[in-house]
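Remarks on the overall topology
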Amino acid sequence: MVDELIEQIRLATKAITDFGIHLFDPTIRLGVTGLSHAGKTVFISALIHGLVRGGRFPIFEPLAGGRIARAYLAPQPDDAVSRFDYENHIAAMVNKRDWPSSTRQISELRVVIEFQSLSGHQRKLTLDVVDYPGEWLLDLPLLTKTYETWASETLRLSRERPRSDLAKSWHLHLAKLDPLAPGDEQQALTAARFFTEYLRACRDQNYALSLLPPGRFLMPGDLANTPALTFAPLDLPTEVPPPAGSLWAMMRRRYESYRAVVVRPFFRDHFARLDRQIVLVDTLAAINAGPEALGDLEYALNEVLTAFEVGRKTLFSALLRPRIDRILLAATKADHLHHTSHDRLENILRRLAQRAISKAEVAGAQVDVVALSAVRATREATARRGRQQLPCVVGVPLPGEAVVGEIFDGVTEVAIFPGDLPDDPNDLLLGDINAFRGLATTSLQNVDFRFLRVRPPALELTENGVPALPHIRLDRALQFLIGDKFV
Amino acid sequence: MNKAYVSKTYMNTWQHRAPAAFRLDRDGAMVRLNTETGGASGQALQLQAEPDFDAEIVMLRDLPRSSRRRVRWGALFLSALGGLVLLAAGMAVSSLIADLFQYNRGLGWLGLALAGLAALSLMAVAIRETMGLLRLATVEKLRDRAATMIVSDDRVEARALVHQFLHLTRRMPHLARSRANLQSHLAEIIDGADLVRLAERELMTSLDQQARTIIATAATRVSVVTALSPRAVIDVLYVLASALALLRQLAFLYGVRPGTVGLVRLARLVVVHLGITGGLASSDSLIQQLLGHGIAAKLSARLGEGVLNGLVTARFGLAALDVIRPMPFAALSRPTLRDIMNELLRSLGDRADDQQCSPQSDADHDESPLIAVP
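Residues numbered from 1 in each chain as written. Chains lettered and ligands numbered in written order. Predicted model: local features only at pLDDT ≥ 70, side-chain atom pairs only at ≥ 80, totals over all residues. Heavy atoms only, no water.

This brings us to the overall build of chain B. When its secondary structure is counted, chain B shows 10 helices and three strands. When the elements of chain B are put in sequence order from the N terminus, they spell out β-β-β-α-α-α-α-α-α-α-α-α-α. Counting across all 374 residues of chain B, residues that qualify as buried make up 37%. Nonlocal contacts in chain B, meaning residues at least 24 apart in sequence, comprise 67% of its contacts between residues at least 6 apart. (Helix = DSSP H or I, 4+ residues; strand = E, 2+ residues; numbered from the N terminus. Buried < 20%, exposed > 50% of the residue type's maximum accessible area, 1.4 Å probe, protein only. Contact = heavy atoms within 4.5 Å.)

Written out as structure tokens, the structure reads:
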């Protein structure tokens, strides 16, 4: 309770100082979140590239209308956070045609945009973009859960299919543990190792499960091997307070310190002070994997979205408790399917996040859903045979991507028809016999959808050396997120 | 749909085609990579590139219109009467030509030629007027459709609509660059509502700016003339004439080009529109106008009258803008009376300054040869 109160006071102080600083030089903290492999790094790189180098953004009015004079990178405000390596990420995409490596630690970048307001005044807008591993996001719900609740929830989840297959060895080990026995460091270490292995298996491409807290187990950073990361859920007896010195008490204490050392600072420093939020979701990977992954994604999305402070911006909230007044849900990698299916993809994402969306709308925030591709890597084509037509996308699959009878080498260009998405998103969430089949439960031969990951596009250099990146609806996302700040 | 394309268990929920992948052969033929062996149906696979999905322009469907099946007696009467008058005129002309032939053969031919010329030019005028009316109707329809499109967000129809806007503005040379921009954006994946807004921003921005200037200029002229004119009749006539001129100018600006009949119809529409909105945009408060007028009137009764007349003209111009502009105001903001009035008052002030200061300041401005003070 006291913790909570101190937190609130800290946040309020920070908000008040921010308010004072930003009164004359407006700053937007744009939160870019998303589970891992959703494409956060690519999104941020493309966004900054587009702003700084002047991308092709017809829907982003301030840029298309010529009101943005220039945008440049500026030193970031937080000295303790590493800089977002924008230049190298772009170089990797343009020169080597590789996607940037996935985020391992938090990083940020500040862009200053000089523009002319509609009434003709010269203004400056500072945009802070923060990138961090998507796994960390899943820790936010832990802030409201005790060790006991978390342990029982995690266990219950791990006993459902298809997780139960992956958790077999961990479950075997768990059965040997007695929570009431005296705590032993070696036991804790082994338990944590089995637990981490189970989490890692869930994340595999074929399963693509999303809900895997605590996030630092998969992405430990500088906290690897610390006691705060050496705990695991136990099969707990109900209604007994943990005896002092027991394994249970030890795990519980470590869980608490995990929350104190990892989750709360992350929430306070980076999450609680956001103005605008975009949540990137790799819906297609979940559809690839199957209905279980989709259900998991639905659950994870709603968990994550409840962590946001949303609502209409008021003077009071601006002073004491910053709120997010616009949330954009983006189904990324929209270039993996033909544009005629984009609306369906949006509907699916809208359906997945339904609960969170209606909650945010009631609170007064604006929510939009968009199918987006920050860097478009395919072009479109139609495969015809006689009167049959399949709307395809043409691209170069990443090395190792496979369809039946073919594992791609990363050079061959192929046309892909990924399967028809349903008009009604509920058809994807049907259970049992009617459910579609994904890689988690069936072979490549029988899957209903196959979205292949493709390499970045081959780009031609322009006269100033850096090409503009092709995209799908990145400008629409920008217009929704920050367009109204350029008045 | 071929059976091979439909997956087996899944089809009870919806028509679903199983995923497929194809590779381009060296000679351009397609090879199906997964599922059953390709070429089962004996036909070659082709891959057709879609550089842009702009190729097929879908014609717009007509929206259902509420049709009132009512006999319009008044119109019928007028048409019948018009027909009679035409017949009478025809009779008169033919008998005149017959008379002319009796009088003198040469005069007869001359009369015939003149009659033919008159008929021809009448036809040309009729065609022009009809075209003008049609254009007016098109613009109305386009605006309705654009408003619908912004709600429905239909990608295919919005694309067709933007093509029509490009067609409408094809004769405006200073929009060439905007049109080229828009054309190039059509090849990208942009949603319906966004596309309509984009088209509005590209095509209407400079036109709106010009329209604002035109309205402000007309309002200023009316203010000055009525402030100086000796008789009220002249005021009224001048206000009416300049309103018509303003309407015509605006219509030409937005590519409507109505004929005379079209202009009359347009004027009627504008007056109706003024009646509906009360001539008052929501952003303009009555109090502010009263105040503004009051202060001007305090300074000078004539000036106050002039400003009031200017205000009326500006209102008329804004209402005309709503009727003539082929797109609804979605991405751009509607010019308000306040914008126009500010411009009007400023230019009035400038004129007053000019009149007062020109003798004194002439020494400083000797590079201006236009003001030659003896």
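Right, let's talk about the overall build of chain A for a bit. Summing up its helical and strand segments, chain A has 16 helices and 13 strands in all. At 23 Å, chain A has a C-alpha radius of gyration in line with the 23 Å of a compact globule built from 487 residues. For chain A, the residues scored as buried account for 59% of the 487 residues in total. Across chain A, the fraction of contacts at a sequence separation of at least 24, relative to all contacts at a separation of at least 6, is 75%. About 20,100 Å² of surface is accessible on chain A, with carbon and sulfur atoms providing 53% of the total. Side-chain charges in chain A split into 57 positive and 59 negative, and the spacing between the mean points of these groups amounts to 2 Å. (Rg over C-alpha atoms; globule rule 2.2 N^0.38 Å. Areas by Shrake-Rupley, 256 points an atom, 1.4 Å probe, with all protein chains shown as cover. Lys, Arg positive; Asp, Glu negative; His and termini not counted. Charge placed at Lys NZ, Arg CZ, Asp CG, Glu CD.)

On to the confidence of the model for chain B. Residue and element names in this part refer to chain B. On average, residues of chain B score 76 in pLDDT, and 70% of them are at 70 or above. Per-residue pLDDT, averaged within each element of chain B, yields its smallest value for helix H8 (residues 286-299) (57) and its largest for helix H1 (residues 73-103) (93). Here residues 34-43 is modelled with pLDDT under 50, and outside its nearest four sequence neighbours on either side it reaches 15 contacts, counting other chains as well. Below pLDDT 50 for its whole length, residues 357-374 participates in three contacts with residues either more than four positions away or in separate chains. (pLDDT = per-residue confidence, 0-100.)

Bringing the packing of helix H2 (residues 105-152) of chain B against helix H5 (residues 192-228) of chain B into the picture now. All names here are of chain B. Direction vectors running N to C along H2 and H5 enclose 140°, while the axes themselves pass 7 Å from each other. It follows that H2 is oblique to H5 by the angle criterion. Crossing of H2 against H5: the hand is left-handed. Of the residues in H5, those in contact with Ala 146, Met 149 and Ile 150 of H2 are Ala 193, Val 196 and Arg 197. For the contact of H2 with H5, the class distribution of residues is five nonpolar, no polar and one charged. (Axes fitted to C-alpha atoms, helices over the stretch in contact; angles between N-to-C directions. Parallel < 35°, antiparallel > 145°, perpendicular 65-115°, else oblique. Left-handed = near helix turned anticlockwise from the far one by under 90°. Nonpolar A, V, L, I, M, F, W, Y, C, P; charged D, E, K, R; others polar.)

Let us now look at the packing of aromatic side chains. Using the criterion set out here, one finds 18 aromatic pairs over all chains in the structure. Summarising the aromatic geometry, the rings of Trp170(A) and Tyr198(A) are spaced 5.3 Å apart at their centres and angled 15° between planes, so their arrangement reads as stacked. You can see Trp170(A) sitting in helix H8 (residues 168-175) and its partner Tyr198(A) sitting in helix H9 (residues 185-203), a full 28 residues away along the chain. Across this residue pair, the class does not change: Trp170(A) and Tyr198(A) are buried. Ring pairs connect the aromatic residues Tyr147(A), Trp150(A), Trp170(A), Phe195(A), Tyr198(A), Phe217(A), Phe231(A), Tyr255(A) and Tyr258(A), which therefore count as one cluster. Its guanidinium or amino end placed over the ring of Phe329(B), Arg325(B) lies 3.9 Å from that ring's centre, counting from NZ or CZ. (Phe/Tyr/Trp six-rings, centres within 6.5 Å; stacked < 30°, edge-to-face > 60°. Lys NZ or Arg CZ within 6 Å of the ring centre and 35° of its normal.)

So, about the side chain of His471(A). Residues and elements named next belong to chain A. Of note, His 471 is situated in the loop between strand E13 (414-417) and helix H16 (474-482). Of the residues examined, His 471 reaches a relative accessible area of 13% and is grouped as buried. A polar contact is formed between the side chain of His 471 and the backbone oxygen of Arg 56, at a distance of 2.8 Å. Among the polar contacts listed, one links the side chain of His 471 to the backbone nitrogen of Leu 474, at a separation of 3.2 Å. Aside from chain neighbours lying at most four places away, what touches His 471 is Arg 56, Phe 57, Ser 373, Ala 374 and Arg 376. (Polar contact = N/O pair within 3.5 Å; in protein donor to acceptor, adjacent residues only side chain to side chain.)

Before going further, it helps to examine the pairing of strand E6 (residues 276-281) of chain A. Residue and element names in this part refer to chain A. Buried residues dominate E6, accounting for six of its six residues. Neither face of E6 is left uncovered, since the one carrying Arg 276, Ile 278 and Leu 280 and the one carrying Gln 277, Val 279 and Val 281 both have all their residues buried. Both strand E1 (residues 27-34) and E6 contribute to a ladder of five bridges, which runs parallel. Bridge pairing in E6 places Thr 33 opposite Val 279. The pairing of E6 with strand E7 (residues 326-331) spans six bridges and is classified as parallel. Within E7, the position partnered with Val 279 by the bridge is Leu 329. (Pairing = 2+ DSSP bridges.)

Residues and elements named next belong to chain B. There is a patch of nonpolar side chains on the surface, built from Tyr 103, Leu 107, Leu 110, Leu 114, Leu 117, Leu 120, Met 123, Ile 127, Met 131 and Leu 134 and spanning about 1,100 Å² of accessible area. Ranked by the residues each element gives to the nonpolar patch, the list is headed by H2, at nine residues. Tracing the sequence through the fold places Leu 107 in helix H2. A relative accessible area of 34% places Leu 107 in the partly exposed class. (Patch = residues over 30% accessible without salt bridge, like charges linked within 9 Å, V, L, I, M, F, W, Y side chains within 5 Å. Salt bridge = Lys/Arg side-chain N within 4 Å of Asp/Glu carboxyl O.)

Residues and elements named next belong to chain A. Checked against the element boundaries, Asp 139 lands in the loop between helix H5 (134-137) and helix H6 (147-158). Although buried, Asp 139 forms no salt bridge, and the nearest oppositely charged side chain, Arg 216, lies 5.1 Å from it. Here the side chain of Asp 139 touches Tyr 258 through a polar contact of 2.6 Å, side chain to side chain. Beyond its immediate stretch of four places on either side in the chain, Asp 139 contacts Pro 213, Pro 214, Gly 215, Arg 216, Tyr 258, Val 262 and Val 263.

Membership of the largest hydrophobic core comes to 91 residues, with the highest contact counts inside it found for Tyr147(A), Ile287(A), Phe308(A) and Leu329(A). Among the elements that line this core, the one with the most residues is helix H10 (residues 247-271) of chain A, at 11 residues. With residues up to four places along the chain from it excluded, the contact list for Tyr147(A) reads Ala232(A), Pro233(A), Leu234(A), Leu236(A), Trp248(A), Met251(A), Arg252(A) and Tyr255(A). Formed by 59 residues, the second largest nonpolar core is a distinct cluster that contains Phe165(B), Ala267(B), Leu318(B) and Leu344(B). (Core = buried A, V, L, I, M, F, W, Y, C linked by side-chain atoms within 4.5 Å.)

Before going further, it helps to spend a moment on the pattern of salt bridges. Under the definition given, this model contains 33 salt bridges over all chains. Taken together, the shared-partner salt bridges connect Asp343(A), Asp368(A), Arg473(A), Arg476(A), Arg155(B), Asp191(B), Asp194(B) and Arg197(B) into one network.

Another aspect to go through is the packing of H8(A) against H9(A). Residue and element names in this part refer to chain A. Interhelical geometry of H8 versus H9 gives an angle of 155° and a closest axis separation of 8 Å. As the angle between them shows, H8 and H9 are arranged roughly antiparallel. Considering how the two elements wind past one another, H8 and H9 form a crossing that is left-handed. Contact residues: Ser 169, Trp 170 and His 173 in H8; Gln 187, Thr 190, Ala 191, Phe 194, Phe 195 and Tyr 198 in H9. Taken together, the residues of the contact of H8 with H9 break down into five nonpolar, four polar and no charged.

Residues and elements named next belong to chain A. Burial of E13 is two-sided: the residues Val 414 and Ile 416 facing one way and the residues Ala 415 and Phe 417 facing the other way are all buried. Judged from the three bridges that link them, strand E10 (residues 388-395) and E13 form a sheet pairing that is antiparallel. Paired with Val 393 across the bridge in E13 is Ile 416.

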